[in-house]
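Report on the structure
Listed below, chain by chain, are the residues.
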Amino acid sequence: MKFIVSSTYLLKQLQVLGGVINSSNTLPILDNFLFELNNSKLTVSASDLETTMSSTINVESDSEGSVAIPAKLLLDTLKTFPEQPLTFVVEENNTVEISSNHGKYALAYANGEEFPKAVALENPSSTTLSGDVLANAISKTIFAAGNDDLRPVMSGVFFQFSTESLTFVATDAHKLVKYTRSDVSANETAEFIMPKKPLNLLKGILAGSDEDVLIEYNDSNAKFTFDSSVLICRLIDGKYPNYEAVIPKENPNKLTIARTQFLNSVKRVSIFSNKTTHQIRLKIAGAELNISAEDIDYSNKAEERLTCDYQGDDMQIGFNSRFLSEMLGNLSASEVQLEMSLPNRAGILTPIDGLDEGENVTMLVMPVMLNN
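Residues numbered from 1 in each chain as written. Predicted model: local features only at pLDDT ≥ 70, side-chain atom pairs only at ≥ 80, totals over all residues. Heavy atoms only, no water.

1. Notes on the overall build of the protein
What the protein contains, in helices and strands, is six helices and 27 strands. For the protein, the spread of C-alpha atoms along the three principal axes comes to 80 × 50 × 35 Å. When each of the 372 residues of the protein is scored for burial, the buried share is 52%. Entry remark: accessible area of the protein is about 17900 Å², with carbon and sulfur atoms responsible for 47%. Each charge class in the protein can be summarised by its mean position, and for the 30 positive and 48 negative side chains these summaries are 7 Å apart. (Helix = DSSP H or I, 4+ residues; strand = E, 2+ residues; numbered from the N terminus. Buried < 20%, exposed > 50% of the residue type's maximum accessible area, 1.4 Å probe, protein only. Areas by Shrake-Rupley, 256 points an atom, 1.4 Å probe, with all protein chains shown as cover. Lys, Arg positive; Asp, Glu negative; His and termini not counted. Charge placed at Lys NZ, Arg CZ, Asp CG, Glu CD.)

2. Re the pairing of strand E15 (residues 212-217)
Alignment of strand E10 (residues 125-130) against E15, held across six bridges, turns out to be antiparallel. The partner of Ser130 across the bridge, within E15, is Asp212. Bridge analysis of E15 against strand E16 (residues 221-226) gives four bridges, and the strand direction is antiparallel. For Ile215, the partnering residue across the bridge sits in E16 and is Phe224. Here E15 folds back onto E16, and the loop between the two strands holds three residues. (Pairing = 2+ DSSP bridges.)

3. A short note on the layout of surface pockets
In this structure, the largest pocket occupies an estimated 440 Å³ of space. Lining the largest pocket are 18 residues, and of these Gln279, Arg281, Ser292, Ala293 and Glu294 sit closest to its centre. Residue assignment for the lining of the largest pocket shows that the elements contributing at least two residues are strand E19 (279-285), strand E20 (288-295) and strand E21 (300-307). The dominant element in the lining of the largest pocket, judged by the number of residues it contributes, is E20, at five residues. Taken together, the residues that form the lining of the largest pocket break down as four nonpolar, seven polar and seven charged. (1 Å grid on protein atoms, 1.4 Å probe; cavity = no way out; pocket = protein on both sides within 12 Å on 5 of 7 lines; lining within 4 Å. Points joined across faces, edges and corners; volume = space filled by probe spheres on them. Nonpolar A, V, L, I, M, F, W, Y, C, P; charged D, E, K, R; others polar.)

4. With respect to the side chain of Gln13
Tracing the chain through its elements places Gln13 in helix H1 (residues 7-18). Take Gln13: its relative accessible area is 17%, and that puts it in the buried class. Apart from the residues lying within four places of it in its own chain, the contact partners of Gln13 are Ser55 and Ile57. (Contact = heavy atoms within 4.5 Å.)

5. Topic: the pattern of salt bridges
For side chains bearing opposite charge, pairing can occur when the charged atoms are close. Evaluated as defined, the whole model comprises 13 salt bridges. Across the salt bridge formed by Lys178 and Glu244, the nearest N and O atoms sit 2.9 Å from each other. Of this pair, Lys178 sits in strand E13 (residues 175-181) while Glu244 sits in the loop between strand E17 (229-234) and strand E18 (253-258), and the two are 66 residues apart along the sequence. Ionic contacts of the salt-bridge type, sharing partners, join the residues Lys72, Asp76 and Lys79 into one network. (Salt bridge = Lys/Arg side-chain N within 4 Å of Asp/Glu carboxyl O.)

6. Some words on the sheet that holds E19
A sheet is described by the order of its strands in space; here five strands give the open sequence E21-E20-E19-E23-E27, paired in antiparallel fashion. Either end of the sheet is taken by a strand with one partner, and the two such strands are E21 and strand E27 (367-368). Bridging between strand E23 (residues 315-320) and E27 involves two bridges; their strand directions are antiparallel. Pairing of Gly318 across the sheet is with Val368, part of E27. Those strands touched by helix H5 (residues 259-270) are E19, E20 and E21, and its axis lies near 165° from that of E21. (Axes fitted to C-alpha atoms, helices over the stretch in contact; angles between N-to-C directions.)

Below you can see the structure in the form of structure tokens.
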């Protein structure tokens, strides 16, 4: 087995795949990339058993075979090369020899047969959408997903596909984001919960790409095919909470404000908030929004006044500043609206502008009890 490939082209592909590999694996074979050669097509795969990703690369070769090559060693070596052709030769003595313009490097390899096979999806349903739309949907929602191992369903993003629209939801019980695209739809209704790790990989690869992504899914796995890559992952098992029930419908108090001004003010004031609760207080009356925070233990406090457009009763409500700034930071609108009903009911944050045709974002943030 022998092939010739460009060093930078190979490195670029392997760095993407390297994101799949865990830093500590129970199975030593998972510390390797699987190289499968079929004449001029080289398929490289990486897996952590839950997620498997493979990319097909064009190389110069007329042989076939499969070997597992240590990922970290190979990546560290490739990073140091300037652009040049590299020749890989699998030798008899269980090593792969790499020849560059200036030298030779030998790595021990494992048998490719030992590498776990990717799952084949039985009778999957499928949907096709543009890579950019998918990357956008992931980045708008994934930050709101939880990290609680005891509630695994909340640690992923809920995909809800229907014949009218696609909806992506993430929540950790303190904040919730619902992102809907009415300009794309699926040919049948389906819902599944995607884990964070494969979503972060997809987000990184697909950002700004107009490639179409084919999403195939059944009850236990999902498969994303785009360009010359395939990503297969196991879905999170369980029923997603009924998120519609927690979105308050009647919100008579509506605050409209410039997003960056609001975000910067929240960030500044929150520096003076209590380090465990991160609590900030919003006091709204007329056209004035007063944002304040106090850390009684250290006698730190801050207060800012902003002008805003407000319709509703005067009110005071407390929020966790980290959640609020995360949400505001994830929107690209120049103006946002915060809708509230009572100080103990969730506030709803929506962008007023900056959305594409057919795009809809609703963010919900739970209040914190104010201690007067």
